[in-house]
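Here is what each chain is made of, one letter per residue.
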Amino acid sequence: MKYRRTTPDELIDRLEINDLLTRYTQAIDEQNWDLLDTVFVPDAKVDYTSSGGIAGTYPEARKWLSEVLPMFSATAHYISNSRVELDGDSAQAVTAVYNPMFMKMPDGSEHTFTVGAYYHDDLVRTSEGWRIATRREEQAFMQGSLPGTKEG
């Protein structure tokens, strides 16, 4: 592969995409649904099925997240190793995520498990900046277990 120097505009795009991906993690961990609205295009397609979630439109995924995430006392989404391929006003990204989840159980104990996954995103530049048009989560591993299931 021949080396090609990154242009200043490409650097700006990469920084804006990195900010977008980080904004997603903040919105999810803070359960800030208005902030989450600044991450996706309104008609985005989202697929969380590999981790036991839903697949659907962004409004369906937003509703599901707003119902499921309050069950957790804390979540932390750490992202890294983003590979971004720019193509004008569109881009593709694959980003590693490490996601510990904490849940208070009825008996007062705390159940924890961690999901390792990859986000596969198609991104588009809009008048409001970069947004996710499609997201597919690919679970790589689970450390621990979902509440009510046995580790295995």
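As shown above, the structure is provided for reference.
Presented here is an overview of the structure given in this document. (Residues numbered from 1 in each chain as written. Predicted model: local features only at pLDDT ≥ 70, side-chain atom pairs only at ≥ 80, totals over all residues. Heavy atoms only, no water.)

1. Considerations on the overall build of the chain
Helix and strand counts for the chain come out as 3 helices and 7 strands. When the helices and strands of the chain are listed from N to C terminus, the series reads α-α-β-β-α-β-β-β-β-β. When the backbone C-alpha atoms are referred to their principal axes, the chain occupies close to 55 × 35 × 20 Å. When burial is assessed residue by residue, the chain has 36% of its 152 residues classed as buried. Taking as baseline every contact in the chain between residues at least 6 positions apart, the subset at least 24 positions apart corresponds to 52%. A total accessible area of about 9,000 Å² is found for the chain, and carbon and sulfur atoms account for 52% of it. Here the chain holds 15 positive side-chain charges and 24 negative ones, and the gap between their average locations is 4 Å. (Helix = DSSP H or I, 4+ residues; strand = E, 2+ residues; numbered from the N terminus. Buried < 20%, exposed > 50% of the residue type's maximum accessible area, 1.4 Å probe, protein only. Contact = heavy atoms within 4.5 Å. Areas by Shrake-Rupley, 256 points an atom, 1.4 Å probe, with all protein chains shown as cover. Lys, Arg positive; Asp, Glu negative; His and termini not counted. Charge placed at Lys NZ, Arg CZ, Asp CG, Glu CD.)

2. Observations concerning the pairing of strand 7 (residues 129-143)
A regular strand carries its side chains on alternate faces of the sheet. For strand 1 (residues 40-47) and strand 7, the ladder comprises 4 bridges, and the chain directions are parallel. Paired with lysine 45 across the bridge in strand 7 is threonine 134. Sheet topology places strand 6 (residues 110-126) next to strand 7; 13 bridges connect them, and they run antiparallel. Considered in strand 7, the bridge of glycine 116 is made with phenylalanine 141. (Pairing = 2+ DSSP bridges.)

3. A word on the packing of aromatic side chains
The way to describe two aromatic rings as a pair is by their centre distance and the angle between their planes. Inspection of the entire model under this criterion finds 6 aromatic pairs. Judged by centre distance (4.9 Å) and plane angle (20°), the ring pair of phenylalanine 40 and tyrosine 58 falls under stacked. Here phenylalanine 40, found in strand 1, pairs with tyrosine 58, found in helix 3 (residues 58-68); they are 18 residues apart in sequence, far enough to count as distant. We note that phenylalanine 40, like tyrosine 58, is buried. An aromatic cluster of three or more residues is present, and its members are Tyr24, Phe40, Tyr58 and Tyr119. In this structure, arginine 135 packs its charged tip against the face of tyrosine 24, placed 4.2 Å from the ring centre. The lysine or arginine in question, arginine 135, covers the ring of tyrosine 119, its NZ or CZ lying 3.8 Å from the ring centre. (Phe/Tyr/Trp six-rings, centres within 6.5 Å; stacked < 30°, edge-to-face > 60°. Lys NZ or Arg CZ within 6 Å of the ring centre and 35° of its normal.)

4. Details of the nonpolar core
Among the nonpolar cores identified, the biggest contains 33 residues, and Tyr24, Leu36, Phe40 and Leu123 are the most heavily contacted of them. If you tally residues by element for this core, the top one is helix 1 (residues 8-30), at 6 residues. The contacts of leucine 123, once residues within four sequence positions are left out, are Ile17, Leu20, Asp89, Ser90, Ala91, Gln92, Ala93, Trp130, Arg131, Ile132 and Ala133. (Core = buried A, V, L, I, M, F, W, Y, C linked by side-chain atoms within 4.5 Å.)

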